[in-house]
Amino acid sequence: MSALLDVILPVFLVIGFGYAAVRAGLLAETAIDGLMRFAQNFAVPCLLFRSIAHLDLSAAYDPGLMVSFYAGAFAGFFACFAGAMLIFHRAMPDAVSIGFAGLFSNSLLLGLAITERAYGTAALEGNYAIISLHAPMLYGFGIALMEWARTRGRGLSGAALLRQIGRAILSQSLVIGILLGFAVNLAGNPLPEVFWSGIDMIARSAIPVALFGLGGVLVRYRIEGDIGPVLMVTLASLILHPAVTWALGTQVFHLGTDALRSAVVTAAMAPGVNAYMFAHMYGVGKRVNASSVLVATAASILTAWGWLHLLP
């Protein structure tokens, strides 16, 4: 019970404050949009830039950590993709969008916050390693598959498809922050301390602002129909993904304590707002993905508690 009270509930209270503020009319939805733009385009990229610039790359990029986490992520995708097509008889673009919701866990806003509260900032090295590949790899996969599903029979060349994928990935501010962090890290961090002081001030605002904004964004979502696909995504995100990660991390790769915690806690998070943004970008699966974000985020209060109890 102490894990629920001390670690998880404070994170969801911040989300709840954002939800209540918008629901009560104390903040307009346009204000939340501005808050989220600040978080996603400035504060969070600064957080990732700072963290990766100072990351011990040789220690953080454990192949067992990466395989454990991403095998679980892709298991979630293929379970939801196959379920959408074979059980719920959705068209392939819809199935790709729904599969993406089962693939893209909220590694940043929830995973980072809960890991930090549970185990401290010293335990976040594995989280940052996962996050550094999360958006580029998973967006690249999702965009490539969606573009293929949408352009079958239209004769789009492989080079054109690659250019389209590359533009979509490199236009994301999170990816820009990650790449700049790698550049500074590999250059031996030549930047002056006064620069890092300014970056630190912005980065410290990233998680609380983003959590508050996430709560405000959730006001827009409604649980509307499609309960079967929504439950499928919720189970894939909160049970299947962390279960695969835990099994591989403990039975196959024998991960160290910190790496196992980072991998499983991140895997156990609900789909992020990016799942809805991906669906909105292509205009397919929007209702399922929006409802899945809402339902899985609420359910993760209890499931995250269970996974924390299972970890050493």
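Here the structure is a predicted model, which is why all the values come from computation and not from measurement. (Residues numbered from 1 in each chain as written. Predicted model: local features only at pLDDT ≥ 70, side-chain atom pairs only at ≥ 80, totals over all residues. Heavy atoms only, no water.)

Participant: Outline the pattern of salt bridges, listing residues and values.
Facilitator: Counting across every chain of the model gives five salt bridges. Notably, a salt bridge pairs Arg-50 with Asp-200, separated by 3.3 Å at the nearest N-O pair. Taken together, the positions of Arg-50 in helix H2 (residues 29–53) and Asp-200 in helix H10 (residues 193–203) put the pair 150 residues apart, joining distant regions of the chain. Across the pair Asp-226 and Arg-287 runs a salt bridge whose closest N-O atoms are separated by 2.8 Å. In this pair, Asp-226 sits in the loop between helix H11 (206–218) and helix H12 (227–252) while Arg-287 sits in helix H15 (residues 286–310), placing the two residues 61 residues apart along the sequence. (Salt bridge = Lys/Arg side-chain N within 4 Å of Asp/Glu carboxyl O. Helix = DSSP H or I, 4+ residues; strand = E, 2+ residues; numbered from the N terminus.)

Participant: Tell me about the nonpolar core, residues and numbers included.
Facilitator: Ranked by internal contacts, the top residues of the largest apolar core, which has 93 residues, are Leu-48, Tyr-70, Leu-108, Leu-112, Leu-211, Tyr-221 and Phe-278. In this structure Phe-278 touches Val-96, Ser-97, Phe-100, Tyr-139, Gly-142, Ile-143 and Met-146, once residues within four positions along its chain are discounted. Formed by six residues, the second largest nonpolar core is a distinct cluster that contains Cys-46, Ala-53, Val-184 and Trp-196. (Core = buried A, V, L, I, M, F, W, Y, C linked by side-chain atoms within 4.5 Å. Buried < 20%, exposed > 50% of the residue type's maximum accessible area, 1.4 Å probe, protein only. Contact = heavy atoms within 4.5 Å.)

Participant: Provide a residue-level description of H15, including the pertinent values.
Facilitator: In a regular helix each residue adds 1.5 Å, so 25 residues correspond to 36 Å; H15 covers 34 Å between its end C-alpha atoms and thus fits that length. In the structure, H15 departs most strongly from a straight axis at Ser-300, where the bend amounts to approximately 45°. (Expected span 1.5 Å × (residues − 1). Bend = angle between axes of the 7 residues up to and from the residue.)

Participant: Account for the packing of H12 against H15, naming residues and giving values.
Facilitator: Contact geometry for H12 and H15: axes closest at 8 Å, N-to-C directions at 35°. The element H12 and its partner H15 pack so that their crossing is right-handed. Residues Pro-229, Val-230, Val-233, Thr-234, Leu-238, Ile-239, Pro-242, Ala-243 and Trp-246 of H12 form the contact with H15, whose participating residues are Val-288, Ser-291, Ser-292, Val-295, Ala-296, Ala-299, Ser-300, Thr-303, Trp-307 and Leu-310. Residues of the contact of H12 with H15, tallied by class, amount to 14 nonpolar, five polar and no charged. (Axes fitted to C-alpha atoms, helices over the stretch in contact; angles between N-to-C directions. Left-handed = near helix turned anticlockwise from the far one by under 90°. Nonpolar A, V, L, I, M, F, W, Y, C, P; charged D, E, K, R; others polar.)

Participant: Go over the packing of helix H14 (residues 273–282) against H15 with me, naming the residues and quoting the values.
Facilitator: Their axes nearest at 8 Å, the elements H14 and H15 cross at an angle of 170°. Regarding the angle of H14 to H15, the classification is roughly antiparallel. Touching Ala-275, Tyr-276, Ala-279 and His-280 of H14 are Lys-286, Asn-289, Ala-290 and Val-293, all from H15. A breakdown of the residues in the contact of H14 with H15 according to their chemical character gives five nonpolar, two polar and one charged. (Parallel < 35°, antiparallel > 145°, perpendicular 65-115°, else oblique.)

Participant: Which residues make up the layout of surface pockets, and what values go with them?
Facilitator: Rolling a probe over the atoms, with the probe sized like a water molecule, indicates the empty space that remains. When its volume is computed, the largest pocket comes out at roughly 490 Å³. Lining the largest pocket are 27 residues, and of these Tyr-139, Gln-172, Leu-174, Asn-274 and Met-277 lie nearest its centre. Mapped by element, the contributors of at least two residues to the lining of the largest pocket are H2, helix H6 (107–119), helix H7 (125–151), helix H9 (173–186) and H14. In the lining of the largest pocket, the residues fall into 16 nonpolar, 11 polar and no charged. (1 Å grid on protein atoms, 1.4 Å probe; cavity = no way out; pocket = protein on both sides within 12 Å on 5 of 7 lines; lining within 4 Å. Points joined across faces, edges and corners; volume = space filled by probe spheres on them.)

Participant: Break down the side chain of Thr-245 for me, citing the residues and quoting the values.
Facilitator: Among the secondary structure elements, Thr-245 is positioned in helix H12. Classification of Thr-245 as buried rests on a relative accessible area of 0%.

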